[in-house]
Amino acid sequence: MTGMEGKTVSLEENIRKVRENITLAAREVGREPGEITLCAATKTQSDGTIRAAIAAGIAVCGENRVQELTAHLDADAYAGSELHFIGHLQTNKVKQVVGRVELIQSVDSLRLLEAIDRQAAALALRQNILLEINIGRESSKSGVLPEEAEALAQAALAFPNIRLRGLMAIPPVYPLGEGRRFFREMRQLYVDIKRKMAHNENDINCLSMGMSGDYMDAVREGATLVRVGTALFGAREPVFPQG
Ligand SMILES: *Cc1c(COP(=O)(O)O)cnc(C)c1O
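Heads up: these notes are all about the structure in this document. (Residues numbered from 1 in each chain as written. Predicted model: local features only at pLDDT ≥ 70, side-chain atom pairs only at ≥ 80, totals over all residues. Heavy atoms only, no water.)

Each helix and strand counted, the chain has eight helices and eight strands in total. Computed over its C-alpha atoms, the radius of gyration of the chain comes to 17 Å, within 12% of the 18 Å expected for a compact globule of 243 residues. Dimensions of the chain, computed from the C-alpha atoms along their principal axes, are close to 55 × 40 × 35 Å. A burial count over the chain gives 48% of its 243 residues as buried. Long-range contacts, defined as pairs at least 24 residues apart, comprise 58% of the intrachain contacts of the chain with a sequence gap of at least 6. Separation between the mean location of the 29 positive side-chain charges and that of the 31 negative ones in the chain comes to 2 Å. (Helix = DSSP H or I, 4+ residues; strand = E, 2+ residues; numbered from the N terminus. Rg over C-alpha atoms; globule rule 2.2 N^0.38 Å. Buried < 20%, exposed > 50% of the residue type's maximum accessible area, 1.4 Å probe, protein only. Contact = heavy atoms within 4.5 Å. Lys, Arg positive; Asp, Glu negative; His and termini not counted. Charge placed at Lys NZ, Arg CZ, Asp CG, Glu CD.)

This is the structure:
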């Protein structure tokens, strides 16, 4: 057996385990496991690993650097899965993302909304987006502050080539369980915005929160999409911060 086959076997096992945990967490709080989408965070993974994950049943991939996104798209590595952009997006890179991904999860400014709308209009499409919320008010993180979320959501609704689908957050890292209050606050923001702004049930329908260390808590608190990397692919090589 080659090393690659070994990796594929553990990838399948990891996917099964994560899905099982999502199911357990959902059942605990009386939710349907089918309401929750597993998005594989594929940063630093190779074309081969991404293809193996999709072959093993991953239906949504989330990429967080434009450079990696472009390289994997050129190699057609995401074939068979839905693609999301989950990283910080600079306005000057919007052209490389709009229309190439189903959902941009990480929109956090009016300037970025304007740039996305302009590019989507040029391509004659409507881009699905989430607003990223800096729920822990951390200076090191991107995202709009919770009290600014509603105004930015209203602004997003006014752009003809943008469709607002919901909210996303990367809460602060806390010992297991202690971060739940941030998920709860996100859920409240999401419910409020949905109640005020959604025209129908499927309009604003995505609450993206939870990663390898805390996705079960996120599901218990209402996440409809979890973004999981390490628990599927194993630990990543350290990388320099984006910039
Ligand atoms: C890397 C990443 C994840 C997944 O992180 P893990 O801890 O490896 O599961 C989720 N969301 C975003 C935005 C990421 O960049």
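This brings us to the side chain of R31. Looking at where R31 falls in the secondary structure, it is placed in the loop between α1 (3-28) and β1 (37-41). Exposure remark for R31: the relative accessible area of 15% places this residue in the buried category. Not counting the four nearest positions on each side in its chain, R31 is found in contact with A26, I36, V219, G222, A223 and T224.

Once that is clear, we can look at the pairing of strand β3 (residues 82-85). Side-chain positions along a regular strand alternate between the two faces of the sheet. Judged from the four bridges that link them, strand β2 (residues 60-63) and β3 form a sheet pairing that is parallel. In the sheet register, V60 faces β3, and the bridge partner there is E82. Once you follow β2 into helix α3 (residues 66-74) and on to β3, the crossover reads as right-handed. The pairing of β3 with strand β4 (residues 103-107) spans two bridges and is classified as parallel. Counted as the bridge partner of F85 is I104 from β4. (Pairing = 2+ DSSP bridges. Right-handed = clockwise from strand over helix to strand, strands pointing away.)

Attention shifts here to the site of the ligand. Lining the immediate environment of the ligand, one finds A41, K43, N64, I86, I170, M211, S212, R227, V228, G229, T230 and R236. At 2.9 Å from an oxygen atom of the ligand is found a side-chain nitrogen or oxygen belonging to N64. The separation between a nitrogen atom of the ligand and a polar side-chain atom of R227 is 2.8 Å. Notes on the ligand: free accessible area 390 Å², of which the protein chains cover 91%. (Near = heavy atom within 4 Å. Polar contact = N/O pair within 3.5 Å; in protein donor to acceptor, adjacent residues only side chain to side chain. Areas by Shrake-Rupley, 256 points an atom, 1.4 Å probe, with all protein chains shown as cover.)

Below, the discussion takes up the packing of aromatic side chains. Any pair of aromatic rings gets described here by the distance separating the centres and the angle formed by the planes. This model, assessed by the stated rule, comprises one aromatic pair. Judged by centre distance (5.6 Å) and plane angle (40 degrees), the rings of Y174 and F182 are tilted. Its end group placed over the ring of F182, R181 keeps NZ or CZ at 4.3 Å from the ring centre. (Phe/Tyr/Trp six-rings, centres within 6.5 Å; stacked < 30°, edge-to-face > 60°. Lys NZ or Arg CZ within 6 Å of the ring centre and 35° of its normal.)

Counting 65 residues, the largest nonpolar core has I104, I129, L131, I133, L167, M186 and L232 as the members making the most contacts within it. In terms of residue count, helix α6 (residues 180-197) provides more of this core than any other element does, seven residues in total. Once residues within four sequence positions are removed from consideration, I129 is found in contact with L103, I104, V107, L113, A156, I162, R163, L164, R165 and G166. Counting seven residues, the second largest nonpolar core, distinct from the first, contains C39, L103, C206 and L225. (Core = buried A, V, L, I, M, F, W, Y, C linked by side-chain atoms within 4.5 Å.)

Right, let's get into the environment of E63. Relative to the helices and strands, E63 resides in strand β2. Along the backbone, E63 and N92 are 29 residues apart, and their C-alpha atoms lie at a distance of 17 Å. Each residue touching E63, except ones within four places of it in the same chain, is listed here: T42, K43, I50, E68, L69, H72, Y78, H84, F85, I86 and G87. In this structure the side chain of E63 is engaged in a polar contact, spanning 2.7 Å, whose partner is the side chain of T42.

Moving on, we come to the side chain of E63. Summary of buried charges: E63 has no salt-bridge partner, and the nearest side chain of opposite charge, K43, is 7.8 Å away. In terms of polar contacts, E63 uses its side chain to reach the side chain of Y78, at 2.7 Å. (Salt bridge = Lys/Arg side-chain N within 4 Å of Asp/Glu carboxyl O.)

For helix α4 (residues 110-122), with 13 residues, the first-to-last C-alpha span of 18 Å sits near the 18 Å given by 1.5 Å per residue. Of all the positions in α4, only L112, L113, A115, I116, D117, Q119 and A120 are classed as buried. Of the surrounding secondary structure, the elements contacted by the buried residues of α4 are β4, β5 (127-133), α5 (149-157) and β6 (162-169). Note on α4: the residue one or two positions beyond its end, A124, has a positive phi of about 55 degrees. (Expected span 1.5 Å × (residues − 1).)

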